[in-house]
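So you can see what is in the structure, the chains are spelled out below.
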Amino acid sequence: EPSDSGATDFFNSYISGPVTNPLHASLGQLTVRAHVKNDNSQLMVHMEPSARGVDKKDLMGKSDPYFVLKTARIFDPSNRQNTGQSILIKSEVIKKTLDPVWKPVNLEVPNSLYNEPIELSVWDWDDGTPHDLIGTNSIILSRLVASQGTGPIQIPVIHDKKVGGKKYTDSGTFVISNFMCQEKPTFLKYLQGGLRLNFSVGIDFTASNGMPDNPTSLHYMTENANPNQGGAMVPMNDYLQALYAVGQVLQDYDADRRFPAMGFGGKLLNDTVSFNFALNGQVDPHCIGIDGIVQAYKQALKAVRLSGPTNFAPLIRYIMDLTARGGFSKQNQFYNILMIITDGEITDEKETVSAIVEASRLPMSIIIVGVGSADFRAMELLDSDKGKLRDSRGNTAARDIVQFVPFNPFKNLPTERFSSAVLQELPASIVDYMFNICRITPGLN
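In what follows, the accompanying structure is described. (Residues numbered from 1 in each chain as written. Predicted model: local features only at pLDDT ≥ 70, side-chain atom pairs only at ≥ 80, totals over all residues. Heavy atoms only, no water.)

**Details of the overall build of the protein**
Thought 1: For the protein, the count of helices and strands is 9 helices and 24 strands.
Thought 2: Restricting the contact set of the protein to residue pairs at least 6 apart, pairs at least 24 apart contribute 70%.
Thought 3: For the protein, the accessible area works out to roughly 22,100 Å², and carbon and sulfur atoms hold 51% of it. (Helix = DSSP H or I, 4+ residues; strand = E, 2+ residues; numbered from the N terminus. Contact = heavy atoms within 4.5 Å. Areas by Shrake-Rupley, 256 points an atom, 1.4 Å probe, with all protein chains shown as cover.)

**Comments concerning the packing of aromatic side chains**
Given two aromatic rings, one states the distance between the centres and the angle between the planes to describe the pair.
Thought 1: In total, this model carries 14 aromatic pairs according to the counting rule given.
Thought 2: Plain terms: the ring middles of Tyr335 and Tyr433 are 6.2 Å apart, the flat faces sit at 65 degrees to each other, and that makes the pair edge-to-face. With Tyr335 in strand β22 (residues 334-342) and Tyr433 in helix α9 (residues 426-437), the pair connects residues that are 98 residues apart, well separated along the chain.
Thought 3: By relative accessible area, Tyr335 is classed as buried at 0%. (Phe/Tyr/Trp six-rings, centres within 6.5 Å; stacked < 30°, edge-to-face > 60°. Buried < 20%, exposed > 50% of the residue type's maximum accessible area, 1.4 Å probe, protein only.)

**Describing the pairing of strand β12 (residues 173-183)**
Thought 1: Strand direction decides the pairing type here: strand β3 (residues 42-52) and β12, joined by 9 bridges, are antiparallel. Paired with Leu43 across the strands is Glu183, a residue of β12. (Pairing = 2+ DSSP bridges.)

**Thoughts on the layout of surface pockets**
Thought 1: In this model, the largest pocket occupies a volume close to 400 Å³.
Thought 2: Here the residues of the lining of the largest pocket are counted per class, giving 9 nonpolar, 4 polar and 8 charged. (1 Å grid on protein atoms, 1.4 Å probe; cavity = no way out; pocket = protein on both sides within 12 Å on 5 of 7 lines; lining within 4 Å. Points joined across faces, edges and corners; volume = space filled by probe spheres on them. Nonpolar A, V, L, I, M, F, W, Y, C, P; charged D, E, K, R; others polar.)

**Some words on the sheet that holds strand β18 (residues 273-274)**
Two strands in a sheet stick together by hydrogen bonds in their backbones, pointing the same way (parallel) or opposite ways (antiparallel).
Thought 1: One open sheet holds the 3 strands; their spatial order is β18-β17-β21, and the pairing between them is antiparallel. Bordering the open sheet on either side are β18 and β21 (305-306), each of which pairs with just one other strand.
Thought 2: Judged from the 2 bridges that link them, strand β17 (residues 266-267) and β18 form a sheet pairing that is antiparallel. Its bridge partner lying in β18, Lys267 is registered against Val273.

**Let's talk about empty space enclosed by the protein**
Thought 1: Tallied over the full model, the rule gives 2 cavities of 30 Å³ or more.
Thought 2: Volume-wise, the largest cavity comes out at about 70 Å³.
Thought 3: What lines the largest cavity is simply Ser365, Ile366, Ile367, Asp400, Ile401, Val402, Gln403, Val422, Leu423, Glu425, Leu426 and Ser429.
Thought 4: For the lining of the largest cavity, the secondary structure elements donating two or more residues are β23 (364-370), β24 (402-406), α8 (415-423) and α9.
Thought 5: When residues in the lining of the largest cavity are grouped by element, the largest group, 3 residues, is from β23.
Thought 6: When its residues are assigned to classes, the lining of the largest cavity shows 7 nonpolar, 3 polar and 2 charged.
Thought 7: Its volume calculated, the second largest cavity comes out at about 30 Å³.
Thought 8: Val45, Met47, Leu69, Leu88, Leu107, Val109, Ile118, Ile139 and Leu141 together form the lining of the second largest cavity.
Thought 9: A per-class count over the lining of the second largest cavity returns 9 nonpolar, no polar and no charged.

**Digging into the packing of helix α3 (residues 238-250) against α8**
Thought 1: Where α3 meets α8, the closest approach of the two axes is 9 Å, and the angle between their N-to-C directions is 70 degrees. In terms of orientation, α3 and α8 fall into the roughly perpendicular class. In this structure, the crossing between α3 and α8 has a hand that is right-handed. Listed contacts from α8 to Ala242, Ala245, Val246, Val249 and Leu250 of α3 are Thr415, Phe418, Ser419, Val422 and Leu423.
Thought 2: The residue makeup of the contact of α3 with α8, split by class, is 8 nonpolar, 2 polar and no charged. (Axes fitted to C-alpha atoms, helices over the stretch in contact; angles between N-to-C directions. Parallel < 35°, antiparallel > 145°, perpendicular 65-115°, else oblique. Left-handed = near helix turned anticlockwise from the far one by under 90°.)

**Some details on helix α6 (residues 349-359)**
Structural remark: α-helix, 3.6 residues per turn; residues separated by three or four positions point the same way.
Thought 1: Buried residues of α6: Thr352, Val353, Ser354, Ala355, Ile356, Val357 and Ala359, and no others.
Thought 2: Each element contacted by the buried residues of α6 is listed here: α5 (313-324), β23, α7 (377-383) and β24.

**A closer look at the packing of α5 against α6**
Thought 1: Contact geometry for α5 and α6: axes closest at 9 Å, N-to-C directions at 20 degrees. Between α5 and α6, the interaxial angle falls into the category roughly parallel. As α5 packs across α6, the resulting crossing turns out to be left-handed. Residues Ala313, Ile316, Arg317 and Met320 of α5 pack against Glu351, Thr352, Ser354, Ala355, Ile356, Glu358 and Ala359 of α6.
Thought 2: Partitioning the contact of α5 with α6 into residue classes produces 6 nonpolar, 2 polar and 3 charged.

**Things to note about the sheet that holds β12**
Thought 1: What the 4 strands build is an open sheet, ordered β8-β3-β12-β11; its pairing is antiparallel. Strands with a single pairing partner mark the edges of an open sheet, and in this sheet they are β8 (105-110) and β11 (153-156). With strand direction ignored, the average angle separating the axes of adjacent strands in the sheet is 35 degrees.
Thought 2: In terms of strand pairing, β3 meets β8 through 6 bridges, oriented antiparallel. Across the sheet, Met44 pairs through a bridge with Glu108, a residue of β8.

In structure tokens form, the structure reads like this:
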């Protein structure tokens, strides 16, 4: 985990140490380089690479070309010098050809590389033996930008050991088509450009929480110091601690501070179980400020009986409907954030996954906070950090919109640690939706 010092430099962390084994004194040296990607200075690069007439390297055939783009330097703090290289991309291998056409490339690179050379090398892949170098050259993004719109960019690849040879000119031509390079918008720039954030919350009223008047219940409140109210002693529980920690951060980005506050899994006065009832008991679920949500929650604990099961889909679809009716556009930019606080495993996983997949195409994200000590493995599935979520019909989410964080590991830590963990993926998710899904740049015009 690199320190903040020199964080504007993409290559600011360098860790090296011996590799050992109980039976051997040393097995070599392992070096780990951490790349700090600063979203304040990222460039989005697109290119469609190919090559023509690369050297034949295989005796019984042609060549199996692939290419590599590397940075020209890495900062090594141990000697305060630039050293080594870092791979930006290694392409797929195209078999048996001297005129390969590779897949389109999309890269995020730091702005600091805009005027610096990036090493290009083209190789012939060999099975079981060292790969053969076809040739190298260097590219500079700023020069490629100057050539945008003039047609394919042609770059000769040169093998240094062949230079000076009779009739040698090059070892082929690397071709870049449809090159584009632009600054990646940041979350802050979208906010400055008029993007509005809307916060909503859903609280678990299932019986597994325990009766609110029982000291073992997750809804039971005890007098605790609330750091969000100057340390004043107020009735608190895990639900309220989580709500205050996240809500106090997000409410400052919501202009009117009117938040839909819902409950799910509770039995109402008409003896029906609801999975998206208003905490304030009104037709309009909006509460004024986080304190308004807290008051509505306390009233609901007195009026609503805990029941079940733990169904998320109706609540998610309710917020999806609010989002769809909001009329998102270039001139009306907003993003809805639903925080669900729950104590257990969901019982409508199939329906919830389906709702999340659909919601991934809307301007919204879902934060799930797990309170208590239940098994939250299904929540990790919804978080889908290892791959995009797929529903039972084979539909794939457009992006990852769910962040799950268990509350227990943060209970005795400063509030900021929890809120940071909960919100860490949100800026990137918002930029992903605005820029990659909607192709909207910051600003309302």
